[in-house]
Amino acid sequence: MLLADQGQSWKEEVVTKETWLQGPLKASCLYGQLPKFQDGDLTLYQSNAILRHLGRSFGLYGKDPREAALLDMVNDGVEDLRRLCSHLIRHNYEEGKARYVEELPGHLKPFETLLSQNQGGQAFIVGSQAASGRMRAGPGPGKALGPQRCQESKR
Ligand SMILES: N[C@@H](CCC(=O)N[C@@H](CS)C(=O)NCC(=O)O)C(=O)O
């Protein structure tokens, strides 16, 4: 999403479950997981590290260390929510979705609070320009998460 937003081109390699289960690709990944991101001779794993790298590269990581810290806080909050959603999808979808939807406003509240605290909700979540804080497509209820949904990306 960040690359598209920045008008960048990239090559995306979608890995099928069949390919993944063969093993060699998994064995070649630093943490045995995707996504993998290649930017020239830099190879990165861990989606948030990839996001921060792109954020810094495109000047989307706040104007100073304070804004960067706030962006980290937002990103970590989104990561918590993503994990909750991921757990629901993988382990407890049918029984857990009603409660998840019911509790979602509470989970989104911190982000609304931050937005409302910055220029009366008329600006961005941090500072006065778009930032990288979690420009990552997270799974929504009903979407399957598996290796086939993870990508290897090359900028
Ligand atoms: N902390 C890692 C987690 C990556 C992750 O959970 N990858 C999953 C799919 S999105 C994966 O590769 N699963 C296959 C496996 O573990 O064999 C990140 O944020 O990039």
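Our structure's up above, just so we're on the same page.
Below, the structure is looked at part by part. Note that the coordinates shown come from a computational prediction; the quantities given were computed from them, not determined experimentally.

One can describe the packing of helix H4 (residues 47–57) onto helix H5 (residues 65–91) by two numbers: an axis separation of 12 Å at closest approach and a directional angle of 150°. Viewed along their axes, H4 and H5 adopt a mutual orientation that is roughly antiparallel. At the point where H4 passes H5, the crossing takes the right-handed sense. Along the contact surface, H4 presents Asn-48, Leu-51 and Arg-52, while H5 presents Asp-72, Asn-75 and Glu-79. Among the residues making up the contact of H4 with H5, the classes are represented as 1 nonpolar, 2 polar and 3 charged.

A separate point is unusual backbone geometry. Here Leu-34 and Pro-35 are connected by a cis peptide whose omega angle stands at 10°. Of note, Gln-46 is a non-glycine position whose phi angle comes to about 80°, a positive value. The residue Gln-46 is located in the loop between strand S3 (42–45) and H4 in this model.

Further remarks concern the nonpolar core. The tendency in soluble globular proteins is for nonpolar side chains to be buried side by side. Membership of the largest hydrophobic core comes to 13 residues, with the highest contact counts inside it found for Leu-71, Val-74 and Tyr-100. Elements supplying a minimum of two residues to this core: H5 and helix H6 (93–117). When residues of this core are assigned to their parent elements, the largest contribution, 7 residues, is made by H5. In this structure, Leu-3, Ile-50, Leu-51 and Phe-58 belong to the second largest nonpolar core, which totals 9 residues.

This part takes up the pattern of salt bridges. Under the counting rule described, the total for this entry stands at 7 salt bridges. Taking the shortest distance from any N to any O, the salt bridge between Lys-11 and Glu-13 comes out at 3.4 Å. The network of salt bridges with common partners includes Lys-63, Asp-64 and Glu-67.

Turning our attention to the pairing of strand S2 (residues 36–39). Here S2 runs beside S3; their pairing, made up of 4 bridges, is antiparallel. Counterpart to Gln-38 in the pairing with S3 is Thr-43. In sequence, S2 turns back onto S3 through a hairpin of 2 residues, with Gly-40 there showing a positive phi of about 65°.

Another point: the packing of H5 against H6. Contact geometry for H5 and H6: axes closest at 10 Å, N-to-C directions at 175°. When the axes of H5 and H6 are compared, the pair comes out roughly antiparallel. Every residue of H6 that contacts H5 at Met-73, Val-74, Gly-77, Val-78, Leu-81, Leu-84, Cys-85, Leu-88, Ile-89 and His-91 is listed here: Tyr-93, Gly-96, Lys-97, Tyr-100, Leu-104, His-107, Leu-108, Phe-111 and Leu-114. Split into classes, the residues belonging to the contact of H5 with H6 amount to 14 nonpolar, 4 polar and 1 charged.

Here the focus is H5. Between the first and last C-alpha of H5 there are 38 Å, a value that for 27 residues agrees with the 39 Å anticipated at 1.5 Å per step. Inspection of H5 places Glu-67, Ala-68, Leu-71, Val-74, Asn-75, Glu-79, Leu-81, Arg-82, Cys-85, Ser-86, Leu-88 and Ile-89 among the buried residues, and these make up the whole buried set. Buried positions along H5 lie against H4 and H6.

Let us now look at H6. Under the 1.5 Å per step criterion, the end-to-end length of H6 is 34 Å for 25 residues, consistent within 8% with the ideal 36 Å. Of all bends in H6, the biggest is about 40°, found at Glu-103, and the proline Pro-105 comes one to four residues later. Of all the residues in H6, the buried ones are Gly-96, Tyr-100, Phe-111 and Leu-114. Packing partners of the buried residues in H6 comprise H5. Immediately downstream of H6, the backbone of Gln-119 shows phi near 55°, a positive value.

What counts and how
- Residues numbered from 1 in each chain as written.
- Predicted model: local features only at pLDDT ≥ 70, side-chain atom pairs only at ≥ 80, totals over all residues.
- Heavy atoms only, no water.
- Axes fitted to C-alpha atoms, helices over the stretch in contact; angles between N-to-C directions.
- Helix = DSSP H or I, 4+ residues; strand = E, 2+ residues; numbered from the N terminus.
- Parallel < 35°, antiparallel > 145°, perpendicular 65-115°, else oblique.
- Left-handed = near helix turned anticlockwise from the far one by under 90°.
- Contact = heavy atoms within 4.5 Å.
- Nonpolar A, V, L, I, M, F, W, Y, C, P; charged D, E, K, R; others polar.
- Core = buried A, V, L, I, M, F, W, Y, C linked by side-chain atoms within 4.5 Å.
- Buried < 20%, exposed > 50% of the residue type's maximum accessible area, 1.4 Å probe, protein only.
- Salt bridge = Lys/Arg side-chain N within 4 Å of Asp/Glu carboxyl O.
- Pairing = 2+ DSSP bridges.
- Expected span 1.5 Å × (residues − 1).
- Bend = angle between axes of the 7 residues up to and from the residue.

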